[in-house]
Amino acid sequence: MDCLLAKCVPIITDCVMAELEKLGPKYRVALRIAKDPRFERLPCQHKGTYADDCLVNRVNQHRCYIVATCDKDLKRRIRKIPGVPIMYISQRRFSIERFPDVNNAPST
């Protein structure tokens, strides 16, 4: 998959999959997309299945990810982490927020 003129590998964590399964039939399309064999599964080592905390912790450890979400609360939390871009869908198009300024970003 190409994204931002570079090779990107879509990754989905186990806790995100578990959360999608718990959300039920309303999110069946998202679940079907997440089960695509082109997506890599990233195992989680923690207890529970709250995906937002897992993603924020993982991004804090390794800032090599682009986080794709339309969740307003998760976007707000990710914006506080310098150097992590956010991809989302707006008006039926993919959009990406610019990289947060590392020097002026609030500390977490």
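Nothing here was measured: the structure is a model prediction, and the numbers come from that model.

A. Structural detail: the sheet that holds strand β6 (residues 86–90). If you walk across this open sheet you meet the three strands as β5-β6-β7, and the pairing is mixed. Edge strands, defined here as strands with exactly one partner in the open sheet, are β5 (67–68) and β7 (93–96). Pairing analysis gives four bridges linking β6 to β7, with the strands arranged antiparallel. Looking across to β7, one finds that Ile89 is bridged to Phe94.

B. Expanded view of the nonpolar core. Judged by nonpolar contacts, Ile12, Cys15, Val16, Met17, Leu20, Leu31, Ala34, Cys44, Ala51 and Cys54 together constitute the single largest core of 10 residues. For this core, the secondary structure elements donating two or more residues are α1 (14–23), α2 (28–34) and α3 (51–61). It is α1 that contributes the most residues to this core, four residues altogether. Membership of the second largest hydrophobic core comes to eight residues, among which are Val56, Val67, Val84 and Ile86.

C. Examining the pattern of salt bridges more closely. What the rule picks out here adds up to five salt bridges. Among the ionic pairs, Arg38 bridges to Asp36, the shortest N-O distance being 2.8 Å. Asp36 gets classed as buried once you look at its relative accessible area, which sits at 19%. Taking the shortest distance from any N to any O, the salt bridge between Asp73 and Arg76 comes out at 4.0 Å. In this pair, Asp73 and Arg76 both sit in helix α4 (residues 72–79), three residues apart, roughly one turn of the helix.

D. Spotlight on the packing of α3 against α4. Orientation of α3 relative to α4, taken along the N-to-C sense of each, is 20°, at an axis distance of 10 Å. Between α3 and α4, the angle falls in the class roughly parallel. Considering only the axes of α3 and α4, their crossing is right-handed. Mapping the contact onto sequence places Asp52, Asp53, Leu55 and Val56 in α3 and Leu74, Arg77 and Ile78 in α4.

E. Here's a closer look at the environment of Val56. Here Val56 is to be found in helix α3. Once you skip the residues sitting within four places of it in the chain, Val56 turns out to touch Leu74, Arg77, Ile78 and Ile81.

Criteria and thresholds
- Residues numbered from 1 in each chain as written.
- Predicted model: local features only at pLDDT ≥ 70, side-chain atom pairs only at ≥ 80, totals over all residues.
- Heavy atoms only, no water.
- Pairing = 2+ DSSP bridges.
- Helix = DSSP H or I, 4+ residues; strand = E, 2+ residues; numbered from the N terminus.
- Core = buried A, V, L, I, M, F, W, Y, C linked by side-chain atoms within 4.5 Å.
- Buried < 20%, exposed > 50% of the residue type's maximum accessible area, 1.4 Å probe, protein only.
- Salt bridge = Lys/Arg side-chain N within 4 Å of Asp/Glu carboxyl O.
- Axes fitted to C-alpha atoms, helices over the stretch in contact; angles between N-to-C directions.
- Parallel < 35°, antiparallel > 145°, perpendicular 65-115°, else oblique.
- Left-handed = near helix turned anticlockwise from the far one by under 90°.
- Contact = heavy atoms within 4.5 Å.

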